[in-house]
Amino acid sequence: MHKKLTALISASVLCTVLAGAPAPLLAQDINYNLPSAQTVQERKDSRSNQAVSERVGRRLMTALDLYTEEQDVKGAIAELQDIDPREGFDRAYVNRFLGNLYAADEQFERAFDLVKQAADADVLGWGDQATVLKLTADLALQMERYSDAIVYYGKWLQFTGERDPDVFMRIANAFYELKQYEKIIRPADIAIEAFRAKGEENRNPYIMKVASYYERKMYAEAVVVLEEGLNVLPGEKAWWNQLGMMYMLLENTQKALQTMEIAYLAGYLDKESHFKALVQLYSNIEVPYKAASIMERHIESGDIEKTSRNYKTAASSYEQAREYAKAADLYGKAAQLEDERSERADVYRRQGTAFLRAEEFTKAADAYLKAIDNDIENPGRVYMSLTEAYFYNNNFREALKYVQEAKKFSNERRNASSWEQYIRQKASNRGVSL
């Protein structure tokens, strides 16, 4: 009978990592000084191993058969609901068993109350007591009763002396949900040691430690954790980006760029925000060509959304790098995606200026004309730019036409008059009749 009952307990499936609103209560501290193996063995040897009474045993067997052979959870619960064990051991054993049935039926509040009673009675055999302590903690965690979960995980640790890394991670998670961030570090560190004792490296303790430091704005400490984590788990792609972001928060631009470059070359960056962060870093250290080329490459590949704003960012960086033809090409793509007429006009103006600097005067003139067609603000300035484009393209008649348009605007009149004289003189020198 005992083996069949144990099978039911071990069949329980409980959540281990949960999210939810933090409980308002403060959790007590955990005693991480665990008993030695010798102490635990002495407790095992001294703990009595009882058996349930015959009357209770028959009812338990009937309930177990309903559960295991007929998958009738509710029938098994009904079999035990009206049982009234007289002895403390019988009561604890029934509570433990019935609590598991309620958990299987997803009646977690009832399950928790019963297994907690069984755990608090502290009369079960050593193995059963260890199981019910952990089950109480697991149910509390599942129900978002994080303070209770910490209490019973602490009792389980002191009872068993086991350094189970998953339990330490659940404790760390409970402290996180309670927003007691400073208490996350110790169980996470112990979890790292416990995983290593099993020959494993696990990412989750590092994630919890970074979260603890980040929530407390202790970015330098978070950097140390990420560096340690990457030393043992270099393939954790997300950590490279997180490390770069932490360096940026610390205003260590060179370290941030170095980290992000490694991640980029390794193919670890896979989100739009990652690529934009790298672009921003190149801009910050005044390497505009790399900023522009990376931005353009990932817009065209679809990693970064094709928007007017993003094309303008790349174009502006190309301008800073004096790659004016490339800048003009991207300004053209930006203009085509611009919804606002006034904004579109301004992008065409910027395209025209880029073409002018690239000495592609015909294309510059076309762009400036598009800016005017879209009702550019301050058209006098654009007429002057058109004048320059036509003049340097040796089209003096068009240059004269638009400089006269520019003269109609008071803020351009003096400059336009000077240009008009210059255009007429240059045309005369070339034998061009205006």
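In this text the structure is predicted, and so the values were computed from the model without any measurement. (Residues numbered from 1 in each chain as written. Predicted model: local features only at pLDDT ≥ 70, side-chain atom pairs only at ≥ 80, totals over all residues. Heavy atoms only, no water.)

What about the packing of helix H5 (residues 88–104) against helix H7 (residues 126–142)?
Closest axis-to-axis distance for the H5/H7 pair is 11 Å, and the angle between their directions is 40°. Relative to H7, H5 is oriented oblique. As for how H5 packs across H7, the hand of that crossing is left-handed. Each of Tyr 93, Arg 96, Asn 100 and Ala 103 in H5 lies in contact with H7, whose residues at this interface are Asp 128, Thr 131, Val 132, Leu 135 and Leu 139. Of the residues contributing to the contact of H5 with H7, the split by class is five nonpolar, two polar and two charged. (Axes fitted to C-alpha atoms, helices over the stretch in contact; angles between N-to-C directions. Helix = DSSP H or I, 4+ residues; strand = E, 2+ residues; numbered from the N terminus. Parallel < 35°, antiparallel > 145°, perpendicular 65-115°, else oblique. Left-handed = near helix turned anticlockwise from the far one by under 90°. Contact = heavy atoms within 4.5 Å. Nonpolar A, V, L, I, M, F, W, Y, C, P; charged D, E, K, R; others polar.)

Details of helix H19 (residues 341–357)
Across its 17 residues, H19 extends 25 Å between first and last C-alpha, which sits within 8% of the 24 Å expected from 1.5 Å per residue. Arg 344, Ala 345, Val 347, Tyr 348, Arg 349, Gln 351, Gly 352, Thr 353, Ala 354, Phe 355 and Leu 356 are the residues of H19 that are buried. Phi turns positive, to about 60°, at Glu 359, one or two residues after H19. (Expected span 1.5 Å × (residues − 1). Buried < 20%, exposed > 50% of the residue type's maximum accessible area, 1.4 Å probe, protein only.)

Digging into the pattern of salt bridges
All chains considered together, the criterion is met by 24 salt bridges. For Arg 47, the salt bridge goes to Asp 122, with nearest N and O atoms at 2.6 Å. Taken together, the positions of Arg 47 in the loop between helix H2 (37–46) and helix H3 (54–70) and Asp 122 in the loop between helix H6 (108–121) and H7 put the pair 75 residues apart, joining distant regions of the chain. The exposure class of Arg 47 is buried, given its relative accessible area of 17%. Look at Asp 122 and you get partly exposed, because its relative accessible area is 41%. The network of salt bridges with shared partners includes Glu 109, Arg 145 and Asp 148. (Salt bridge = Lys/Arg side-chain N within 4 Å of Asp/Glu carboxyl O.)

A short note on the nonpolar core
Met 246, Leu 269, Leu 278, Leu 386, Val 403 and Ile 423 are the most contacted members of the largest nonpolar core, which totals 76 residues. Here the element with the most residues in this core is helix H21 (residues 379–392); it accounts for seven residues. The residues touching Val 403, leaving out its near neighbours within four places in the chain, are Met 384, Thr 387, Ala 416, Trp 419, Glu 420 and Ile 423. Leu 64, Tyr 93, Leu 98 and Phe 112 belong to the second-largest nonpolar core, a separate cluster that totals 65 residues. (Core = buried A, V, L, I, M, F, W, Y, C linked by side-chain atoms within 4.5 Å.)

Comments concerning the UniProt feature "repeat: TPR" (unreviewed entry) in the protein chain
This chain's UniProt record puts "repeat: TPR" (unreviewed entry) on residues 345–378. Between the end C-alpha atoms of residues 345–378 the distance is 11 Å, and the span holds 76% helix and 0% strand. (UniProt positions renumbered as here; feature names shortened; annotations may be inferred.)

A short note on the packing of helix H12 (residues 219–232) against helix H13 (residues 237–249)
Where H12 meets H13, the closest approach of the two axes is 9 Å, and the angle between their N-to-C directions is 155°. The angle between H12 and H13 places the two elements in the roughly antiparallel class. Along this stretch, H12 crosses H13, giving a crossing that reads as left-handed. Side by side, H12 and H13 meet where Tyr 219, Ala 222, Val 223, Leu 226, Glu 227, Gly 229 and Leu 230 of the first sit next to Trp 239, Trp 240, Gln 242, Leu 243, Met 246, Tyr 247 and Leu 249 of the second. Taken together, the residues of the contact of H12 with H13 sort by class into 11 nonpolar, two polar and one charged.

Remarks on the packing of aromatic side chains
Tallied over the entire structure, the rule returns 19 aromatic pairs. Judged by centre distance (5.8 Å) and plane angle (65°), the ring pair of Tyr 289 and Tyr 318 falls under edge-to-face. Of this pair, Tyr 289 sits in helix H16 (residues 288–300) while Tyr 318 sits in helix H17 (residues 308–320), and the two are 29 residues apart along the sequence. Since its relative accessible area comes to 35%, Tyr 289 is described here as partly exposed. Centroid distance Phe 361 to Tyr 392: 5.9 Å. Interplanar angle 35°. Geometry classified as tilted. Taken together, the residues Phe 361 in helix H20 (residues 361–373) and Tyr 392 in helix H21 connect sequence positions 31 residues apart. (Phe/Tyr/Trp six-rings, centres within 6.5 Å; stacked < 30°, edge-to-face > 60°.)

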